[in-house]
Amino acid sequence: MLSGSDTGIGHALAKYLDSLGFVVFAGVLNKDGPGAEELRRTCSQRLCVLQLDITNATQVKQAYLTVSEKVQNAGLWGVVNNAGILGFPADGELLPMSTYRHCMEVNFFGAVEVSKTFLPLLRKSQGRLVNMSSMAGGIPLPRYAAYGASKAALSMFSGVMRQELSKWGIKVAAIHPSGFRTGIQGTAEQWDKQEKELMENLPADTRQAYGEEYLLGLRNYLLHLPSHCAPDLSPVLGAVLHALLARRPQGLYTPGKGAYVPLCIFCCFPLWFYDFF
């Protein structure tokens, strides 16, 4: 069972696992949306599309009941918490509190809700819990205070669950991909709305401290973000597959170019050097 299958990594993962013969329960934010329709059209009859807004406890419970009915006593082999949002990438001081709350609601609380709900099925099969965190969840990256904090919370949750669930044979992994072109960057309309909220809530002295030129440059940074991201998602798909199938999966995966290097510098060098880097 995986969440966030409408677009990006979740969409690609649903197709990939289906092509390998898995029975896939693909949770989508909109079961009538183009992503869900494409999954129905291109995947096998085994794939089941589930309406799943992970911030909606009723939908999470309904998804659990649907999956339970389908798997019966066999249990569920894997849960992949993939659904996530980026939020507007800007300095932490500039971000409105609503961005912090929304990131935590989806990237952390939603994943915890799904995990807690589906754990009885994983216990039956001694299965796998895989959480899609981020490079920003393991190391501090400028302009990702809200997103990074929510993903760091998810990574810590994964680590604790890995320790606590081992007594039932459940294995837990966190994935920390580097930058990939996934669609999480959102649409121009979404950014217009978030940018408007950000600008309208800025106190005059904060606006003056940063300067208009810098504030306008945030949009350019956002527009050029996809060009710095890798279009090939196969390293992430391979990491998730290994986490699901390997006899001894890793607790942490860092797929993608450069994902491991900043982590090594952060862990092995003085903080001033990492900050400079």
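Scroll up for the structure.
Being a predicted model, the structure only gives us computed values, none of them experimental.

Thresholds, definitions, all that
Residues numbered from 1 in each chain as written. Predicted model: local features only at pLDDT ≥ 70, side-chain atom pairs only at ≥ 80, totals over all residues. Heavy atoms only, no water. 1 Å grid on protein atoms, 1.4 Å probe; cavity = no way out; pocket = protein on both sides within 12 Å on 5 of 7 lines; lining within 4 Å. Points joined across faces, edges and corners; volume = space filled by probe spheres on them. Helix = DSSP H or I, 4+ residues; strand = E, 2+ residues; numbered from the N terminus. Nonpolar A, V, L, I, M, F, W, Y, C, P; charged D, E, K, R; others polar. Salt bridge = Lys/Arg side-chain N within 4 Å of Asp/Glu carboxyl O. Buried < 20%, exposed > 50% of the residue type's maximum accessible area, 1.4 Å probe, protein only.

Right, let's get into empty space enclosed by the protein. For the structure shown, the criterion picks out one cavity of 30 Å³ or more. Approximately 30 Å³ is the volume attributed to the largest cavity. Lining of the largest cavity is provided by Leu 86, Gly 87, Phe 88, Pro 89, Leu 95, Thr 99, Cys 103, Arg 143, Tyr 144, Ala 145, Ala 146 and Tyr 147. Of all elements in the fold, only α4 (97-125) and α5 (145-164) reach the threshold of two or more residues within the lining of the largest cavity. Counting residues per element, the lining of the largest cavity draws most heavily on α5, which supplies three residues. Classifying every residue of the lining of the largest cavity gives nine nonpolar, two polar and one charged.

This part takes up unusual backbone geometry. Its identity as a non-glycine residue notwithstanding, Gln 126 has a phi of 50 degrees, on the positive side. Topologically, Gln 126 is positioned in the loop between α4 and β4 (128-132). With a phi close to 75 degrees, Arg 143 is a non-glycine residue in the positive phi region. With respect to the helices, strands and loops of the structure, Arg 143 is situated in the loop between β4 and α5.

To continue, consider the pattern of salt bridges. Applying the stated criterion across every chain yields a total of five salt bridges. Note that Arg 46 is salt-bridged to Asp 18, the shortest N-O span being 3.7 Å. Here the residue Arg 46 occupies a position in the loop between α2 (34-42) and β2 (48-51), and Asp 18 occupies one in helix α1 (residues 8-19), the gap between them amounting to 28 residues. Exposure remark for Asp 18: the relative accessible area of 7% places this residue in the buried category. For Asp 32, the salt bridge is made with Lys 31, and the minimal N-O distance between the two is 3.8 Å. For Asp 32, a relative accessible area of 57% puts it in the exposed group.

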